[in-house]
Amino acid sequence: MSRTLFVNRVFWRAVRSGDLILGFALPFDLSRLAIKHAAARKGGWSLVLASRKSRKSGEMEVNPDKPRLVLTSLNSKMAFIKLGSKRHKDEWRNESRFLDMRTLTWALRNESYNLDRACKAFNIPGKMNHKPTGRVTPKEIKYCREDVAATNRLLNAAKAEFDGHPIDLNPDEAYSSASIAKAYLSSMNIARPKDHFKVAGKTHGIAMQAYYGGRAECRIRKTPVPVIHTDFTSQYPSVNTLMGNWNVLKARGVRFEDCSNSARKLLSKIKLTDAFDPAFWKKLSFFVLIKPANDILPVRTVYNGRTQNIGINYLQSGKPVWYAGPDAVASVLLSGRTPNVLKAIRMVPVGQQKDLGITNLGGKVPIDPRTDDFFVRVIEQRSIFKRSNKALADFLKILANSGSYGLFAEVNSETRNKPAKIRVFSGDKSSKIASEYVEKVGNWYFPPLASLIISGGRLLLAMLEKCVKNAGGEYLFCDTDSLCIVASKTGGLVPCVGGTYRLYGKPAIKALSLNQVESIANRFNRLNLYDRSLVRNLLKIEDVNFVDSDPSKPHQQLFGYAIAAKRYALYTRTQNGISIVKASGHGLGYLHAPKENPKSDEDEESKDDEAPEWVKEAWEWLLCRELGFKSKPPEWLELPAMMRMAMTSPNVMRTIRPEWLAPFNFFFFPLLSDIGGYPTGFDKSNFKFITPPESNRSKWKTLRGVNLLDLNVGRAYQISMTPDPAQRKVVPESMRIILRQYLRHPEAKSLGPDGTACGSNTVGLLRRSSILAGEIVPVGKETDRHWEQGEDPSLVDFKVHEFRKRRKMVVAELSDRSKWKKLGVRTLIRKSGLSQKAVYTLLAGKPVRPQTLVTFKRAVR
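Caption draft 1: Expanded view of the overall build of the protein. The number of helices and strands found in the protein is 24 helices and 39 strands. Over its C-alpha atoms, taken along the principal directions, the protein stretches across nearly 85 × 70 × 60 Å. Within the span of the protein, comprising 861 residues, buried residues form 52% of the whole. When the 137 basic and 83 acidic side-chain charges of the protein are each reduced to a single mean position, those positions are 6 Å apart.

Caption draft 2: Molecular detail of the nonpolar core. Ranked by size, the top nonpolar core spans 138 residues in total, and within it Trp281, Met463 and Phe524 carry the most contacts. Ranked by size, the runner-up nonpolar core spans 73 residues in total, among them Val7, Met645, Tyr678 and Ile690.

Caption draft 3: Molecular detail of the packing of aromatic side chains. Per the counting criterion, the structure on display carries 24 aromatic pairs. Both rings, one in Tyr212 and one in Tyr323, keep their centres 5.8 Å apart while their planes meet at 10 degrees; by these two values the pair is stacked. Here the residue Tyr212 occupies a position in the loop between helix H8 (201-209) and strand S9 (216-218), and Tyr323 occupies one in strand S16 (residues 321-324), the gap between them amounting to 111 residues. An identical accessibility class is assigned to Tyr212 and Tyr323; each is buried. For the pair Trp614 and Trp636, a centre-to-centre distance of 5.7 Å together with 90 degrees between the ring planes defines the contact as edge-to-face. Highlighted residues: Trp614 in helix H19 (residues 613-627) and Trp636 in the loop between H19 and strand S31 (642-646), separated in sequence by 22 residues. By the burial criterion, Trp614 is buried, and Trp636 matches it. By the ring-pair criterion, three or more aromatic residues cluster together here, those being Tyr678, Phe682, Phe687, Phe689 and Tyr717.

Caption draft 4: Just the layout of surface pockets, in detail. Considered as a void within the structure, the second largest pocket measures approximately 470 Å³ in volume. If you go around the second largest pocket, you meet 20 residues; those closest to its centre are Gln209, Ser426, Lys429, Ile776 and Pro778. Breaking the lining of the second largest pocket down by element, the ones donating at least two residues are strand S20 (411-426) and strand S21 (429-441). Partitioned by chemical class, the residues of the lining of the second largest pocket number nine nonpolar, five polar and six charged.

Caption draft 5: Local environment of H19. Its 15 residues place the ends of H19 21 Å apart at the C-alpha level, agreeing with the 21 Å of an ideal helix rising 1.5 Å per residue. Residues of H19 that are buried include every one of Trp614, Val615, Ala618, Trp619, Trp621, Leu622, Leu623 and Cys624, and no others. The inward-facing, buried residues of H19 contact strand S28 (558-564), strand S29 (567-573), strand S30 (578-583) and helix H20 (735-743). Two residues or fewer past H19, Gly628 is found with a positive phi of approximately 85 degrees.

Caption draft 6: Quick look at empty space enclosed by the protein. Within the structure shown, the criterion is met by three cavities of 30 Å³ or more. Reported here for the largest cavity is a volume of approximately 70 Å³. Along its surface, the largest cavity is lined by Arg215, Ile296, Leu297, Pro298, Ile312, Asp327, Ala330, Ser331, Leu334, Arg458 and Ala462. Sorting elements by how many residues they give to the lining of the largest cavity places helix H14 (residues 325-335) first, with four residues. Taken together, the residues that form the lining of the largest cavity break down as seven nonpolar, one polar and three charged.

Caption draft 7: The arrangement of a nonpolar patch on the surface in detail. On the surface, a cluster of nonpolar side chains totalling about 350 Å² of accessible area is made up of Met1, Leu5, Phe6 and Val10. Within the fold, Leu5 resides in helix H1 (residues 3-17).

Caption draft 8: Quick peek at helix H24 (residues 850-860). Listed as buried for H24 are Leu853, Phe856 and Val860. Buried residues of H24, seen end-on, are gathered within an arc of 65 degrees and therefore sit on one face of the element. Every exposed residue of H24 that faces more than 90 degrees away from the buried side is listed here: Gln851 and Arg858. Against the buried residues of H24 lie helix H21 (814-823), helix H22 (825-832) and helix H23 (836-843).

Caption draft 9: Quick look at the packing of helix H6 (residues 177-187) against helix H16 (residues 390-402). Put simply, H6 and H16 touch, their axes get as near as 9 Å, and they point 80 degrees apart. On the basis of their axis angle, the class for H6 and H16 is roughly perpendicular. Contacts between H6 and H16 pair Ser177, Ala178, Ile180, Ala181 and Tyr184 from the former with Phe395, Ile398, Leu399 and Ser402 from the latter. In terms of residue class, the contact of H6 with H16 is made up of seven nonpolar, two polar and no charged.

Caption draft 10: Looking closely at the environment of Pro693. Position of Pro693 among the secondary structure elements: in the loop between strand S33 (689-690) and strand S34 (704-707). According to the relative accessible area criterion, Pro693 is partly exposed, its value standing at 39%. Between the C-alpha atom of Pro693 and that of Val302, which follows or precedes it by 391 residues, the distance is 36 Å. Excluding residues within four positions of it along the chain, Pro693 makes contact with Phe666, Phe667 and Phe668.

Caption draft 11: Layout of a positive patch on the surface. Positive charge collects at one region of the surface, where Lys421, Arg423, Lys432 and Lys805 lie side by side. Note on placement: Arg423 falls in strand S20. The class for Arg423 is partly exposed, based on a relative accessible area of 44%.

Caption draft 12: View of the pairing of S20. As defined by bridge partners, S20 adjoins S21 across twelve bridges and the pair is classed as antiparallel. Considered in S21, the bridge of Val411 is made with Val441. Hairpin connection of S20 to S21: two residues between the antiparallel strands, including Gly427 at a positive phi of 65 degrees.

Caption draft 13: Structural detail: the sheet that holds S33. Sheet architecture is open: three strands sit in the order S33-S34-S35, paired in antiparallel fashion. A single partner strand is all that each edge strand has here, and the edge strands are S33 and strand S35 (717-718). Pairing geometry for S34 and S35, over two bridges, is antiparallel. Bridge pairing in S35 places Arg704 opposite Gln718.

Caption draft 14: Structural context of the pattern of salt bridges. Following the criterion strictly, the structure yields 33 salt bridges and no others. One salt-bridge network, in which partners are shared between bridges, spans Arg215, Glu217, Arg219, Glu465 and Arg768.

Caption draft 15: Region of the structure containing the state of the cysteines. As enumerated under the stated definition, the model contains zero disulfides in all. Free cysteine: Cys484, not disulfide-bonded; nearest cysteine sulfur from Cys478 at 10 Å. Its sulfur unpaired, Cys624 is 19 Å from the next cysteine sulfur, which belongs to Cys484.

Caption draft 16: Inspection of the sheet that holds strand S6 (residues 69-75) at higher detail. Within the open sheet, the four strands sit side by side as S2-S3-S6-S7. Their pairing is antiparallel. Each having just a single partner strand, strand S2 (36-39) and strand S7 (78-83) make up the two edges of the open sheet. Sheet twist, expressed as the mean angle between neighbouring strand axes with direction ignored, is 25 degrees. Pairing analysis gives six bridges linking S6 to S7, with the strands arranged antiparallel. Note on S7: the bridge partner recorded for Leu71 is Ile81.

Parameters and conventions
Residues numbered from 1 in each chain as written. Predicted model: local features only at pLDDT ≥ 70, side-chain atom pairs only at ≥ 80, totals over all residues. Heavy atoms only, no water. Helix = DSSP H or I, 4+ residues; strand = E, 2+ residues; numbered from the N terminus. Buried < 20%, exposed > 50% of the residue type's maximum accessible area, 1.4 Å probe, protein only. Lys, Arg positive; Asp, Glu negative; His and termini not counted. Charge placed at Lys NZ, Arg CZ, Asp CG, Glu CD. Core = buried A, V, L, I, M, F, W, Y, C linked by side-chain atoms within 4.5 Å. Phe/Tyr/Trp six-rings, centres within 6.5 Å; stacked < 30°, edge-to-face > 60°. 1 Å grid on protein atoms, 1.4 Å probe; cavity = no way out; pocket = protein on both sides within 12 Å on 5 of 7 lines; lining within 4 Å. Points joined across faces, edges and corners; volume = space filled by probe spheres on them. Nonpolar A, V, L, I, M, F, W, Y, C, P; charged D, E, K, R; others polar. Expected span 1.5 Å × (residues − 1). Contact = heavy atoms within 4.5 Å. Patch = residues over 30% accessible without salt bridge, like charges linked within 9 Å, V, L, I, M, F, W, Y side chains within 5 Å. Areas by Shrake-Rupley, 256 points an atom, 1.4 Å probe, with all protein chains shown as cover. Salt bridge = Lys/Arg side-chain N within 4 Å of Asp/Glu carboxyl O. Arc of directions from axis to C-beta. Axes fitted to C-alpha atoms, helices over the stretch in contact; angles between N-to-C directions. Parallel < 35°, antiparallel > 145°, perpendicular 65-115°, else oblique. Pairing = 2+ DSSP bridges. Disulfide = S-S within 2.5 Å.

Here it is as structure tokens:
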């Protein structure tokens, strides 16, 4: 069939019937059927699949009788697909249904697959072994048919697994593991807190002001130290269990009562031993309004004038700030002082919901919400099935994590064409402002729970830090649920700038012994509310500390090296150098792999705790240089640094796109050098360079591409690894330079051993910063990592939205706009230094800040 015949005879008939239309990476497949594409009104792609001959001109035109397809990608694994406006609604009575098998397998296994890896994971025959050429040949057609057959086999295998879950959820509505977790909560008739509990917006504002992400920091910088890596068993489910949060979820209602006096009393008498009493944790479901005066608290601010981040630091503020109870307790433990509490409120569950019902997790684990603690039951059963049914055990782990925290903080942002009046809650204050940026909350959104849960996780880390400090030790880094303790089998002193001990006349720190670390881990078992025969330890000494990561084998001495938060490597020493055991890919993972991945060149994503092979090679090369060992440079070191992205959104391509860049196509986004990397007359503000993708790495150094900010996209530029005198070519950074820069990344939210700001050359034991708060600014969603998952380059420059009252806005005069348009957008961007978006806003006669208009006029006159 031709494309037109297929769409008319097969596709539209299936849509009208309400059939389930599926594929693997379905948005890409659907976009191949489109004859035209444009930006949808609320973001995403609007695809035209039907045309007709115009009665007036006789030319082909868009057929308005057929609806468009609207595809909105949330990330590389998930997209919403629906029909656009329907001219003849009677013709399209059935709901259109689309199922992306990439999304379904992600929801079931919480791992990102390509088609071949998905088939292997589900133990079915996979794809045909063939590299596509792009030509139409019998072999290519057979390859495509085999892809369809593999997708069909995967559908049946995944459907069989999905049907094992007794939940009211269609496969095409399973967008992530959280979707399945929510369905299980609903199957037990647990009411959604957002709708069921009548909680004032002010209370949500208090909880969200107290909301911070997981704690991650580097404490010893660019100094090799012996370590033992520890982490908490299922941290968030464990916190939920300790705080009794299942009673909140199944409550008939909740109330928030004043507890100012009891909160002050609790915080004034607390000792570390109290925090190891499970009964104590049941008292922590409160929020306190603190006037910080050198209390150690989570601080969200802009560090070193550039880096916006969250640190656990000393805070002074003339204005009071709301914090969750566990954070206030952690502050007392770490600082030794009682905070100034002005007010406190406690969340109290009331009664129990009626009609709660039994469900069967994975069809094999019955759970009664009236008598069982969901979080305890899931973790214990996972331990039982670890050996007999690995697939079920893995699912229970995913269910525990996805159902214990993130769904209560789900917020989806959107940018509207016109400002809307919204009410912003921040702490116990609220205000109305006009904003194009709007946040919509998820169905299970309930900030009081989310804030308390993640705060409880930070309290566990604070307790562990305090235990290590009390034993005279230090830690290399911490990351959400883990602490890497400076320790060896027998303990002893370790050289470290900033240490309080002396070794051969130089500063040193104390390494704890293995026995001391085990003793600390045993202490945390006082908080272990699981069946001890099933879950032996709440704080685990991780498998990586043992030979071959096998706890049944002897302990091996690990060494650690950290640069900044989430940038670290663990290694063992060998006769001739080092061997990387575990490496963090944070700050490198956004780069396209400079060597083929052994798993698959088509999909290089790995599990979160597994760094790609090239990242381990990078760390080994870097550490050998730092530690003075000989090493062979990786073969890919002189390749250009590339980001591979997918055209999942049209929001960056306001100009004409090159023909090869269709919706959901991949493209390369080379990282250009700031020194001589741009052609004459261009810089970062007016040159955004992309190239077609290329799997052959040897060709990367000579690829040709276009400038997205150039209206004349027909002009091509070529990559060169060395600047040319005329500056006609583009020069990307090499992987060698990127890695050297990586090693210089500072831990901006900390101070160096000497009390000065941590810089690229800072070495040794870092200190906590002291923050003096000025203005308190309400902000929106803190992170957008879509660009790391294969999204468009506009998100590389993602900035947190600040909810400020709109300043007085102005509009450029029509005569000026007409004159400016004659100069061309490219010239205006270059002369003014404004962004492409700002220039288009001015030329369209839309409101801008007065200073923006003044700056623009001065630059282009």
